[in-house]
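This is what each chain is made of:
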Amino acid sequence: MTFHSSSAAARALVRCHSCGHVEPVEVRHCPRCHASLHVRKPASLQRTVALTIGAAILYFPANLLPVLRVESTLGGPQQSTIFGGVVQFWQEGDYPVALIIFVASVLIPILKFLAIGLLCLGAHFGYWPRALTQLYRVTDYIGRWSMVDVFVVAILVGVVQLGSVMTINAGEGAFAFAGVVVLTMLAATSFDPRLIWDAAAKRGGPSSYRSQEGI
Amino acid sequence: LHHSSILNICSPIEIAKSPHYLACPDCDSLYSVPVVGPEERVVCPRCQANLFSRHPNFVHRATALVFSAAFFFILANVFPFLSLRSDYRESDMYLAGCVSGLEEQGFPVLAAMVGVFTLAAPMLLIGTLLYVLVPLLHERRLPWAQPICRAIHQARRWNMVEVFLLGVLVSLLKLGSLATLTLDTSFWAFVGLIVCLLAALAAIDYAELWERLEDAQPS
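Residues numbered from 1 in each chain as written. Chains lettered and ligands numbered in written order. Predicted model: local features only at pLDDT ≥ 70, side-chain atom pairs only at ≥ 80, totals over all residues. Heavy atoms only, no water.

A. Seen up close, the overall build of chain A. Helix and strand counts for chain A come out as eight helices and five strands. Counting helices and strands in the order they occur from the N terminus, chain A gives β-β-α-β-β-α-α-α-α-β-α-α-α. Within chain A, buried positions represent 50% of all 215 residues. Put simply, of all contacts in chain A between residues at least 6 apart along the chain, 64% involve residues at least 24 apart. (Helix = DSSP H or I, 4+ residues; strand = E, 2+ residues; numbered from the N terminus. Buried < 20%, exposed > 50% of the residue type's maximum accessible area, 1.4 Å probe, protein only. Contact = heavy atoms within 4.5 Å.)

B. Main features of the pattern of salt bridges. Under the counting rule described, the total for this entry stands at nine salt bridges over all chains. Among the ionic pairs, D26(B) bridges to R137(A), the shortest N-O distance being 2.7 Å. One end of the pair, D26(B), is in the loop between β2 (21-23) and β3 (30-32); the other, R137(A), is in helix α4 (residues 129-142), on a second chain. Residues participating in the shared-partner salt-bridge network are R40(A), D198(A) and D28(B). (Salt bridge = Lys/Arg side-chain N within 4 Å of Asp/Glu carboxyl O.)

C. Spatial organisation of helix α1 (residues 44-64) of chain A. Residues and elements named next belong to chain A. For α1, spanning 21 residues, the distance from its first C-alpha to its last is 31 Å, which sits close to the expected 30 Å at 1.5 Å a residue. Residues of α1 that are buried: S44, T48, T52, A55, Y59 and A62. Summarising the contacts, the buried residues of α1 are in contact with α2 (82-91), α3 (95-125), α6 (172-190) and α7 (194-203). (Expected span 1.5 Å × (residues − 1).)

D. Geometry of the packing of aromatic side chains. Residues and elements named next belong to chain A. Tallied over the full model, the rule gives 13 aromatic pairs over all chains. Geometrically, the ring pair formed by Y59 and F113 is edge-to-face, given 5.6 Å between the ring centres and 85 degrees between the ring planes. Of the two residues, Y59 sits in helix α1 while F113 sits in helix α3, which places them 54 residues apart along the sequence. Across the pair, exposure class does not vary: Y59 and F113 are buried alike. (Phe/Tyr/Trp six-rings, centres within 6.5 Å; stacked < 30°, edge-to-face > 60°.)

E. Structural view of the interface of chain B and chain A. Taken together, the contacts link 63 residues of chain B with 67 residues of chain A. Carbon and sulfur atoms supply 68% of the area buried between chain B and chain A, which totals about 6,100 Å² over both sides. Among the residues of chain B in contact with chain A, D28(B), R46(B) and K174(B) are the three that bury the most area, contributing 12% of the side total. Our count for the chain B to chain A interface comes out at five salt bridges. The residue D28(B) makes a salt bridge to R40(A) at a minimum N-O spacing of 2.9 Å. Applying the counting criterion to the chain B and chain A interface returns 20 residue pairs in polar contact (both at pLDDT 80 or more). Tallying contributions element by element places helix α6 (residues 161-175) of chain B first for the side of chain B that touches chain A, with eleven residues. Residue classes in the side of chain B that touches chain A are distributed as 37 nonpolar, 14 polar and twelve charged. (Buried area = accessible area lost by both parts, 1.4 Å probe. Polar contact = N/O pair within 3.5 Å; in protein donor to acceptor, adjacent residues only side chain to side chain. Nonpolar A, V, L, I, M, F, W, Y, C, P; charged D, E, K, R; others polar.)

F. Expanded view of the packing of helix α2 (residues 58-78) of chain B against helix α7 (residues 185-203) of chain B. Residues and elements named next belong to chain B. Running from N to C, α2 and α7 cross one another at 160 degrees; their axes reach a closest spacing of 8 Å. If you check the angle between α2 and α7, you find them roughly antiparallel. The way α2 lies across α7 gives a crossing that is left-handed. Here α2 contributes F58, R61, A62, L65, V66, S68, A69, F72, F73, L75 and A76 to the contact with α7, which in turn contributes S186, A189, F190, G192, L193, C196, L197, A199, A200 and A203. Taken together, the residues that form the contact of α2 with α7 break down as 17 nonpolar, three polar and one charged. (Axes fitted to C-alpha atoms, helices over the stretch in contact; angles between N-to-C directions. Parallel < 35°, antiparallel > 145°, perpendicular 65-115°, else oblique. Left-handed = near helix turned anticlockwise from the far one by under 90°.)

G. Quick look at the nonpolar core. Formed by 105 residues in total, the largest nonpolar core has its most connected members in M147(A), V159(A), F81(B), I126(B), F164(B), F190(B) and L209(B). Examining the composition of this core, we find that 14 residues originate from one element, helix α4 (residues 108-137) of chain B, more than from any other. Not counting residues up to four positions away in its chain, the partners in contact with F164(B) are F151(A), I155(A), F81(B), L95(B), C98(B), T118(B) and F190(B). Membership of the second largest hydrophobic core comes to twelve residues, among which are C24(B), C44(B), L51(B) and F52(B). (Core = buried A, V, L, I, M, F, W, Y, C linked by side-chain atoms within 4.5 Å.)

H. Region of interest: the sheet that holds strand β9 (residues 180-183) of chain B. Residue and element names in this part refer to chain B. Across the sheet, which stays open at both edges, the three strands sit in the order β7-β6-β9 with antiparallel pairing between neighbours. Since the sheet does not close on itself, it has two edges, and those belong to β7 (90-93) and β9, each with one partner. On average, adjacent strands in this sheet sit at an angle of 20 degrees to one another, irrespective of strand direction. Of the strand pairs in this sheet, strand β6 (residues 82-85) and β7 are connected by four bridges, and their pairing is antiparallel. (Pairing = 2+ DSSP bridges.)

I. Representation of α4(A) in the model. All names here are of chain A. In a regular helix each residue adds 1.5 Å, so 14 residues correspond to 20 Å; α4 covers 20 Å between its end C-alpha atoms and thus fits that length. Every buried residue of α4 is accounted for by P129, L132, T133, Y136 and T139. Down the axis of α4, the sector holding all buried residues measures 120 degrees, keeping them to one side. (Arc of directions from axis to C-beta.)

J. Structural view of unusual backbone geometry. Its identity is not glycine, yet H34(A) carries a phi of approximately 65 degrees, on the positive side. With respect to the helices and strands, H34(A) occurs in the loop between β2 (22-24) and α1. Exposure remark for H34(A): the relative accessible area of 48% places this residue in the partly exposed category. Its identity is not glycine, yet W144(B) carries a phi of approximately 70 degrees, on the positive side. Along the chain, the position of W144(B) falls in the loop between β8 (140-141) and α5 (145-157).

K. Spatial organisation of the side chain of T63(B). All names here are of chain B. As for its placement among the helices and strands, T63 is situated in helix α2. Given the relative accessible area of 4%, T63 is considered buried. Dropping the residues within four chain positions of it, T63 is found in contact with L133, V134 and L137.

L. Representation of the environment of N169(A) in the model. By the secondary structure assignment, N169(A) is in strand β5 (residues 166-170). On the basis of relative accessibility, which here comes to 27%, the residue N169(A) falls in the partly exposed class. Here the alpha-carbon distance between N169(A) and P96(A), two residues 73 residues apart in the chain, equals 25 Å. Setting aside residues up to four positions removed in sequence, N169(A) forms contacts with V67(A), L68(A), R69(A), V157(A) and Q105(B).

Here it is, written out as structure tokens:
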């Protein structure tokens, strides 16, 4: 493997992923926190790709199956999918809520798939390391917000548990959707952004960050 | 006042001599540890990652916040969370009701997930933080402090209390037309929990926490 000349790996040093201690590569376990040391996250790209594919497969049942089944004495049985929930809020005129759910449940998962794909390409080809590292940080942070819809289902089920004018049941879609969120979160954490910089070093690196060196 | 100071990349010879290194978690650039004043933040010049910051009294600040978070956490679990009033009946929902409701409807795994993200992860975070921070006030560390400190990093990621709050607000709007929902004591305690826990986590600089832990006397 090629490393950038100013990287720790190029000087045979490893950073502990949990406490940040820097040790020579020969050391197997961090002397400070006892975590096992790796130059790069082990099998990072393989794990990220595998988890993302798993999430992409689950994405279909998550959107096609109902997340919520409502039976009320007033209306009759109703099923709603994730996207159906957005449409319902929009039709009722609750535009801000419709927008929040649309962003959290529809837009963020799709953007996350695209972002992880871009990151994996970046780790292979080494283009735009700086921008992609920023993208990695955003992706890692934003994934959790997709969980909103699952929590809404849990709360509705909890509130209307005892059965009165209506019964609310969770649907299989909610389970699949929670799976998508967890798998994409795991995919983002198993990705190692340093691979992008390694690939950029191998490629020769864009002039934008070459100029930053040798201060 | 926070302001960032950018450190210089040192030459290879300097690095070899220096006893303390610092590697960027996101781009692996190697630096020698610079001298940094209080409330200063060090940013990686190559990829803009936050490397570390100095908050001289972060242990006191974080301990106080975690104690308040623990207090709010207990309140949030003891009192009812939401009260539902319709023409026919009244019912109270407790925080744990979200988990048990899903479990009763035949979704044990989903119930476990919601339980982990909203109850287990914050509880674990509060417990581990207190275990590590309280002895640090006296510059001491308890046995197993290092592996427990590593658990904090893991629990942090799966703590989704703030996302749950957004979920509560959406549910209120969703049910608003069908029944009258009132926010109960536990809801406000939960808001307090979010504020204190997130402030505590933001106050802690992990590089500094590990340094303090290394310097502390084992007891």
